[in-house]
Amino acid sequence: QLQLVESGGGSAQAGGSLRLSCAISGDIGDHLGGYYCLSWFRQTPGKDREGIALINEEADNIKYAANVEGRFIVSLTGNTLYLQMNRLEPEDTAIYYCAAAKEAVCWRTYMSNPSRFSVWGQGTQVTVSS
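Values in this document were obtained by computation on a predicted structure and should not be read as measured data.

(A) Representation of the overall build of the chain within the structure. Helix and strand content of the chain: one helix and eleven strands. Relative to the compact-globule value of 14 Å for 130 residues, the chain shows a C-alpha radius of gyration of 14 Å, a close match. Summed over its atoms, the accessible surface of the chain is roughly 6400 Å², and 47% of this surface lies on carbon and sulfur atoms. Across the chain, the 10 positively charged side chains and the 13 negatively charged ones have centroids separated by 5 Å.

(B) Focus on the state of the cysteines. Scanning all chains against the criterion turns up two disulfides. Across a sulfur-sulfur distance of 2.1 Å, C22 and C98 are joined as a disulfide pair. Measuring handedness by torsion sign, the sulfur bridge of C22 and C98 sits at about 70° and is right-handed. Separated by 76 residues along the polypeptide, C22 in strand 3 (residues 18–25) and C98 in strand 9 (residues 94–101) bring together distant segments of the chain. A single burial state applies to C22 and to C98, both of which are buried.

(C) Quick look at the pairing of strand 7 (residues 72–77). Burial of strand 7 is one-sided: the residues F72, V74 and L76 facing one way are buried, the residues I73, S75 and T77 facing the other way are not. Pairing of strand 7 with strand 8 (residues 80–85), which is carried by six bridges, proceeds in the antiparallel orientation. Paired with F72 across the bridge in strand 8 is M85. Counted between consecutive antiparallel strands, the loop separating strand 7 from strand 8 contains two residues, among which G78 sits at a positive phi close to 60°.

(D) Region of interest: the environment of S112. Mapped onto the elements of the fold, S112 is located in the loop between strand 9 and strand 10 (119–120). For S112, a relative accessible area of 65% gives the class exposed. Taking the C-alpha atoms as reference points, S112 and R49, 63 residues apart in sequence, are found 8.0 Å from one another. There is a polar contact of 3.0 Å between the side chain of S112 and the backbone oxygen of T109.

(E) Quick peek at unusual backbone geometry. Backbone geometry places A59, a non-glycine residue, at a positive phi of 60°. Following the sequence through the fold, A59 ends up in the loop between strand 5 (50–56) and strand 6 (62–64). Positive phi is not limited to glycine here, since R87 has a value of about 45°.

How each quantity is defined
Each chain has its residues counted from 1, following the order in which its sequence is written. Residues qualify for local features only when their pLDDT is at least 70, as the model is predicted, and side-chain atom pairs are given and counted only at 80 or more; totals for whole chains, interfaces and linings, by contrast, use all residues. Water and hydrogen atoms were dropped before computing side-chain values, which therefore reflect all heavy atoms in the structure. The way it works is that DSSP assigns letters per residue, a run of H or I at least four long becomes a helix, a run of E at least two long becomes a strand, and they are numbered from the N terminus. Computation of the radius of gyration draws on C-alpha atoms, with the globule rule given as 2.2 Å multiplied by the number of residues to the power 0.38. Residue-level accessible areas treat just the shown protein chains as cover; the underlying method is Shrake-Rupley with a 1.4 Å probe. Positive residues here are Lys and Arg, negative ones are Asp and Glu, while His and the chain termini are left out of the count. Note on charges: their place is set at NZ of Lys, CZ of Arg, CG of Asp or CD of Glu. Working definition: a disulfide is two cysteine sulfur atoms within 2.5 Å of each other. Burial classes follow relative accessibility: with a 1.4 Å probe on protein chains only, a residue under 20% of its type's maximum area counts as buried, one over 50% as exposed, and anything between as partly exposed. Strand pairing follows a simple DSSP-based rule, namely that at least 2 bridges must link the two strands. The definition of a polar contact used here is a pair of N or O atoms within 3.5 Å, where within protein one atom must be able to donate a hydrogen and the other to accept one, and adjacent residues in sequence count solely through side-chain atom pairs.

Structure, rendered in C-alpha cells:
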C-alpha cells in the first residue's frame, strides 16, 4: 500500500521560509508503475484545492503555479518529496497536501485537476502572518 505523509508545516512571518516534506512509504513503482507525477496542492476553507507544483519521477519535468514560481522549489530525493517555500506571503496560508498520479508526463493542466491524483497525504497546515 502506498502512503504519503506530510510534515514541516507550521507558522511563519511574511518574508520567511518553511520546508515541507512528504514521505513516500510503500513501493511507488509497484503502485503507480515506472512513470508517475508527484504534486503539491493547497487548500483554504471554501476554495477548491489548488495545484502549486508538479514533479515527475526523474525530476526533469517540473512545473509551478504562477503565484509561487520564483519563491517555491519542489524537489525529490529518494522517497521524499520536498517543497521549499521562500518569501512567504499571508496568501500562502493553507493546508498543503502532497499527491501522486500514475502519469507519464506532468501536464500543467493537472494543477487544476486534482482528480488525476489517486494517492494523497493527510495534509499539513501552513500559517503565514503579516
